[in-house]
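# Residue-level structure breakdown
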Amino acid sequence: TNVHFDTALRGFRAEYFASDVFTNPVLWRVDQEINFDYQDQAPVRTLLKPDKFSVRWTGWLTLPQATTATWFLATDDGSRLFINNELVIDHWGVHGKEEKTAITPLSAGEHAVRIDYYENLGWAAAHVEWQPHSGARTYAVPVRALPAARAALAIRARQTDRLGNVSAHTTPLQLSR
């Protein structure tokens, strides 16, 4: 088996939970974009049920210069967007797929971006886009899954086949930038 691992860790660090209250994650991975229409399915069918799950996406956005950005958050059901630990969109609650927006000034440098999402019952979707000043609206938020100060990362992996059989975890692998 060949494994390709992006050591720059471009994308959001995603923690998937088998409950709607962000406890005991069952999976961690890097999601390049948050552009998911789960419909009536689970995001990871072998680990989650189609209802009562949650996801926390975290990324670090580094900007060479200050900008004002518009954020677009469309989910079915609840979601919240935090920038530098400040709540900028609060769309919590049970509802169909709806979009909420916020405009935030961002200084040059690194910014923590976090999206909390939960699915209650039925159809499920999670979409996050941004539009920097004078830029295009896009799902491609240029975040990294680790802050810039993080020099090394230890990971463990396991494999799940199409039948749902899960391998044992590997021994920790050390990665450094």
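The structure presented is a predicted model; accordingly, all values stated were derived computationally and were not measured.

Cut-off values and rules
Residues numbered from 1 in each chain as written. Predicted model: local features only at pLDDT ≥ 70, side-chain atom pairs only at ≥ 80, totals over all residues. Heavy atoms only, no water. Helix = DSSP H or I, 4+ residues; strand = E, 2+ residues; numbered from the N terminus. Contact = heavy atoms within 4.5 Å. Pairing = 2+ DSSP bridges. Axes fitted to C-alpha atoms, helices over the stretch in contact; angles between N-to-C directions. Core = buried A, V, L, I, M, F, W, Y, C linked by side-chain atoms within 4.5 Å. Buried < 20%, exposed > 50% of the residue type's maximum accessible area, 1.4 Å probe, protein only. Salt bridge = Lys/Arg side-chain N within 4 Å of Asp/Glu carboxyl O. Phe/Tyr/Trp six-rings, centres within 6.5 Å; stacked < 30°, edge-to-face > 60°. Lys NZ or Arg CZ within 6 Å of the ring centre and 35° of its normal. Polar contact = N/O pair within 3.5 Å; in protein donor to acceptor, adjacent residues only side chain to side chain.

## Quick notes on the overall build of the protein chain
Summing up its helical and strand segments, the protein chain has zero helices and 13 strands in all. Shown N-terminal to C-terminal, the secondary structure of the protein chain runs as helices and strands in the order β-β-β-β-β-β-β-β-β-β-β-β-β. Taking as baseline every contact in the protein chain between residues at least 6 positions apart, the subset at least 24 positions apart corresponds to 67%.

## Focus on the sheet that holds strand β10 (residues 124-132)
Pairing in this open sheet of four strands is antiparallel, and the strands run β3-β10-β5-β8 from one edge to the other. Strands at the two margins of the open sheet, each flanked by one partner only, are β3 (35-39) and β8 (98-106). For this sheet the average axis-to-axis angle between neighbouring strands, irrespective of direction, equals 15°.

## With respect to the nonpolar core
Core analysis: the largest hydrophobic core is formed by 32 residues, its most contacted members being Y16, W57, W71 and I115. If you list the elements that add at least two residues to this core, you get β1 (12-17), β3, β4 (53-63), β5 (67-76), β6 (79-83), β8, β9 (109-119) and β10. Of all the elements, β4 adds the most residues to this core, at five residues. Excluding anything up to four places from it in sequence, Y16 contacts P25, V26, L27, R29, D31, F36, Y38, P43, L48, S54, V55 and W57.

## With respect to the pattern of salt bridges
Scanning the entire structure with this criterion turns up nine salt bridges. The salt bridge involving K52 is made with D20; its shortest N-O contact spans 3.9 Å. Within this pair, whereas K52 is found in the loop between β3 and β4, its partner D20 is found in the loop between β1 and β2 (25-31), the two being separated by 32 residues in sequence. The salt bridge partner of R80 is D90, with a shortest N-O separation of 3.3 Å. Note that R80 is positioned in strand β6 and D90 in strand β7 (residues 86-91), a separation of ten residues in sequence.

## Side note on the packing of aromatic side chains
When we look at a pair of aromatic rings, we describe it by the centre distance and by the angle of the planes. Counted according to the given criterion, the structure contains eleven aromatic pairs. An aromatic cluster of three or more residues is present, and its members are Y16, F36, Y38, F53, W57 and Y117. R56 extends its terminal NZ or CZ atom over the ring of F22, reaching a point 4.6 Å from the ring centre. Looking at R137, its charged tip hangs above the ring of F72, at a distance of 3.7 Å from the centre.

## Observations concerning the side chain of D31
When you line up the elements, D31 lands in strand β2. On the accessibility criterion, D31 (5% relative accessible area) is buried. Within polar-contact distance, the side chain of D31 engages the side chain of W57 at 2.8 Å. Excluding its chain neighbours within four sequence positions, the residues that come into contact with D31 are G11, F12, A14, Y16, F36 and W57.

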